[in-house]
Amino acid sequence: MATCRTCAASIKPFMSFGRMPIANGFLRPEQFKQEYFFELATAFCEACGTFQIVEQPDPEKMFHENYAFFTRTSAHMVTHFREYAEWVKAHYLSDVDPFVVEIGSNDGALLENFANAGIRHLGVEPSANVAAEARRHGVESLVSFFDAGAGERIRDQYGEADAILAANVMCHIPDLHGVAKGAELLLKPKGILVFEDPYLGAMIEKTSYDQIYDEHVFIFSLKSVQSIFGPYGFEVIDVLPQATHGGSMRYVLARRGARPVSPAVSQLASGEDAQGLGRAATYQDFRTRCEHSRDQLLDLLNRLKAEGKRVVGYGATSKSTTVMNYCGIGPQHIEFISDTTPIKQGKYTPGSHIPVKPYDEFKTHHPDYALLFAWNHKAEIMSKEAGFRSGGGKWIVFVPEVSIIEG
Ligand code: TMP
Ligand code: ZN
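Throughout what follows, the structure given in this document is the object of discussion. (Residues numbered from 1 in each chain as written. Chains lettered and ligands numbered in written order. Predicted model: local features only at pLDDT ≥ 70, side-chain atom pairs only at ≥ 80, totals over all residues. Heavy atoms only, no water.)

Details of the sheet that holds strand β4 (residues 38–44)
Here is the rule we go by: When DSSP finds two or more bridges between a pair of strands, those strands are recorded as paired. Strands here mean DSSP runs of E at least two residues long; helices mean DSSP runs of H or I at least four residues long; both are numbered from the N terminus. The contact criterion used is simple: two residues touch if any of their non-hydrogen atoms lie within 4.5 Å. Between N-to-C directions, angles cover 0 to 180 degrees, with each direction set by a line fitted to C-alpha atoms, over the stretch in contact for helices.
Ordered in space as β3-β4-β5-β11, the four strands form an open sheet in which the pairing is antiparallel. Edge positions in the sheet fall to β3 (13–20) and β11 (218–219), since each of these pairs with one other strand and no more. Across five bridges, β3 lies against β4 in antiparallel orientation. Within β4, the position partnered with P13 by the bridge is A43. Across the sheet, helix α10 (residues 280–306) touches β3, β4 and β5 (51–53), and the angle it forms with β3 is around 35 degrees. Lying on the sheet, helix α11 (residues 318–327) is in contact with β3 and β4; it crosses β3 at an angle near 90 degrees.

So this is what it looks like as structure tokens:
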């Protein structure tokens, strides 16, 4: 019997997505033979309300000097992080020499907004290659995971922090007790811990099961965040829904009693009850919808193949690894996947072994159908690719349902 990663209660997986490789483990043909796989099974802990994957590969297998995800590949995300920084500056920084820390600062897209304003900051990022890119943007970066020891060392060297920020990172960290302890040690008495991650309510609503992959060990709800951080003296003082990554939630935490609590917190708690996020039956339904989505997508791709259509993928996202491996999609269905990230180009997708090619290949030789793996960037991509559609190209989407966007 497995145990909950956060409260140690017994948990039982409600479904398995099968054998999965490392989601960002793009590889060359000579590496196919040694490819690493694990079983991607999911569980919901009824004791603390935390949605989690049961088995996770070692963090060093995922976050290293060749990490393939760079935040700056999306113009919308760069804008989003500028706005995130402005909001923190406007509401939460002290007047005198504030200090901001980011956990998982990647290429510095968030912190550069503080760096440019002359605000003391430190990025804590375990993947050396993306941290080097952050430094090129003037962002001070420490190559490290964040835990209690890191929190203490940073406090001793730089002083207490006004804000600890994270975006699409907290859900990657299996030991949240270490993070909570580190935040407790590092923050000023009125300091805040803010993080945003894909939201469980949105994933259930949209059947966006591709949010589940090795790096996303948790998909949070308000209830789970309260259960995890409450014992360390933190309370959630505000929640702000975000459109990013297909539906995210920003949680603002402070030491209990240190700051007023927004009414948005109890409203979201009621919304989660109404949606049934605490009920096992909700996850059984989710499973049924995932299976239906898988069957529909595979049927569609098989039909297009039989009709001799050219189908390519758009965006070699980490999420797409779950979709392709769960649905059984391979090079027989998809000619290549177009992606703008240089480190992914010329390699093959994890497990499914579809070639990843530069964006030019898509642009100069439009296919009949483009499968939108980067569906969370739909608005940005649709406006960029208006010419594909007007030239007769069709989009295949699978969130919230498998469908074709024509004309
Ligand atoms: P994400 O869904 O994890 O943000 O990853 C998006 C991936 O899609 C990333 O590899 C970059 C790629 N991408 C494109 O190839 N073209 C685009 O226009 C955008 C926005 C992303
Ligand atoms: Zn639990």
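Examining the pattern of salt bridges
Two side chains that carry opposite charge are able to pair once their charged atoms sit near each other. Inclusion rule: For salt bridges, the criterion is a side-chain nitrogen of Lys or Arg within 4 Å of an Asp or Glu carboxyl oxygen. Any residue under 20% of the maximum accessible area for its type is buried, any over 50% is exposed, and the rest in between are partly exposed; the area is computed with a 1.4 Å probe on protein chains only.
All chains considered together, the criterion is met by 15 salt bridges. Where R310 meets E335, a salt bridge forms, and the shortest distance between an N and an O atom there is 2.8 Å. Of the two residues, R310 is situated in the loop between α10 and β14 (311–314) and E335 in the loop between α11 and β15 (337–338); the sequence distance between them amounts to 25 residues. Overall, E335 belongs to the partly exposed group, its relative accessible area being 38%. Connected through salt bridges with shared partners, the residues R72, D107 and E112 form a single ionic network.

A look at the coordination of the zinc ion (ligand 2)
Here is the rule we go by: Note on donors: an N, O or S atom is included if it sits within 2.8 Å of the metal, or within 3.2 Å for Na, K and Ca, and water is never included, so sites can look incomplete. Site shape is set this way: if four donors have all angles between 85 and 135 degrees, tetrahedral; if opposite donors are over 155 degrees apart and all others between 65 and 115, square planar for four donors and octahedral for six; otherwise irregular.
Coordination of the zinc ion (ligand 2) by the protein comes from C4 (SG), C7 (SG), C45 (SG) and C48 (SG), over a distance range of 2.2 to 2.4 Å. With four donor atoms in place around the zinc ion (ligand 2) and angles of 102 to 115 degrees between them, the coordination shape is tetrahedral. If you list the donors of the zinc ion (ligand 2) from N- to C-terminus, the spacing comes out as C-x2-C-x37-C-x2-C. What makes C4 buried here is its relative accessible area of 4%.

Thoughts on the pairing of strand β7 (residues 120–124)
The buried count for β7 comes to four of five residues, which makes it a mostly enclosed element. Where strand β6 (residues 99–103) meets β7, five bridges bridge the pair, whose relative direction is parallel. Counterpart to V100 in the pairing with β7 is H121. Judged from the two bridges that link them, β7 and strand β8 (residues 141–142) form a sheet pairing that is parallel.

Description of unusual backbone geometry
Cis geometry is found at the peptide bond from V399 to P400, where omega equals 0 degrees. Positive phi is not limited to glycine here, since A8 has a value of about 70 degrees. Looking at the secondary structure, you find A8 in the loop between β1 (2–3) and β2 (10–11). On the basis of relative accessibility, which here comes to 55%, the residue A8 falls in the exposed class. One non-glycine residue, H245, lies in positive phi territory at about 50 degrees. Along the chain, the position of H245 falls in the loop between β12 (234–242) and β13 (248–255). On the accessibility criterion, H245 (16% relative accessible area) is buried.

As for the site of ligand 1
Convention followed: Summary of the distance rule: residues count as near a molecule or strand when at least one heavy atom falls within 4 Å of that molecule or strand. Polar contacts, as counted here, are pairs of nitrogen or oxygen atoms within 3.5 Å of one another; within protein the pair requires one atom able to donate a hydrogen and one able to accept it, and residues that are adjacent in sequence qualify only if both atoms are side-chain atoms. For every accessible area listed, the method is Shrake-Rupley and the probe measures 1.4 Å; residues are considered covered only by the protein chains on display. Think of it as three bins: nonpolar holds Ala, Val, Leu, Ile, Met, Phe, Trp, Tyr, Cys and Pro, charged holds Asp, Glu, Lys and Arg, and polar takes everything else, Gly as well.
As a structural note, the neighbourhood of ligand 1 is formed by 17 residues, with K319, D339, K344, H377 and K384 the closest of them. Here an oxygen atom of ligand 1 sits 3.0 Å away from a polar atom, N or O, in the side chain of N376. The separation between an oxygen atom of ligand 1 and a polar side-chain atom of H377 is 2.7 Å. Protein contact buries 97% of the 480 Å² of open area that ligand 1 shows by itself. For the shell around ligand 1, the element with the most residues is helix α13 (residues 378–384), which contributes three residues. Of the residues in the shell around ligand 1, the class split is three nonpolar, nine polar and five charged.

Quick notes on the sheet that holds strand β16 (residues 356–357)
In a beta sheet, neighbouring strands pair by backbone hydrogen bonds and run either parallel or antiparallel. In space, the six strands of this open sheet follow the order β16-β15-β14-β17-β18-β19, with mixed pairing throughout. Two strands close off the open sheet at either side, each with one partner strand: β16 and β19 (403–405). Sheet contacts for α10: β14, β17 (369–372), β18 (394–397) and β19; angle to β18, the most-contacted strand, approximately 150 degrees.

Topic: the packing of helix α8 (residues 222–229) against helix α9 (residues 263–275)
Direction vectors running N to C along α8 and α9 enclose 115 degrees, while the axes themselves pass 9 Å from each other. Packed against α8, whose contacting residues are L222, K223 and Q226, the element α9 presents V265, L268, A269 and E272 at the interface. Among the residues making up the contact of α8 with α9, the classes are represented as four nonpolar, one polar and two charged.

Digging into the packing of aromatic side chains
Applicable threshold: Pairing of aromatic rings covers Phe, Tyr and the six-membered ring of Trp, with a centre-to-centre limit of 6.5 Å; geometry is then stacked below 30 degrees between planes, edge-to-face above 60, and tilted otherwise. Throughout this description, the term charge over a ring refers to an Arg CZ or Lys NZ atom that lies within 6 Å of the ring centre and within 35 degrees of the ring normal.
Scanning the entire structure with this criterion turns up 26 aromatic pairs. Measuring from ring centre to ring centre gives 4.9 Å for F17 and Y326, while their planes differ by 65 degrees; the resulting arrangement is edge-to-face. Of this pair, F17 sits in strand β3 while Y326 sits in helix α11; the two residues are 309 residues apart in sequence, bridging distant segments of the chain. When its relative accessible area of 3% is taken as the criterion, F17 is described as buried. When the ring of Y314 is compared with that of Y359, the centres are 6.4 Å apart and the planes differ by 80 degrees; the resulting orientation is edge-to-face. Placement of the pair is Y314 in strand β14 and Y359 in helix α12 (residues 359–364), with a sequence separation of 45 residues. Residue Y314 shares its accessibility class with Y359, and that shared class is buried. Linked through ring pairs, F14, F44, F51, Y283 and F286 together constitute an aromatic cluster. Directly above the ring of F37 sits R19, whose terminal nitrogen or CZ lies 3.8 Å from the centroid. In this arrangement the basic side chain of R250 is found over the ring face of Y84, its NZ or CZ atom lying 4.0 Å from the centre.

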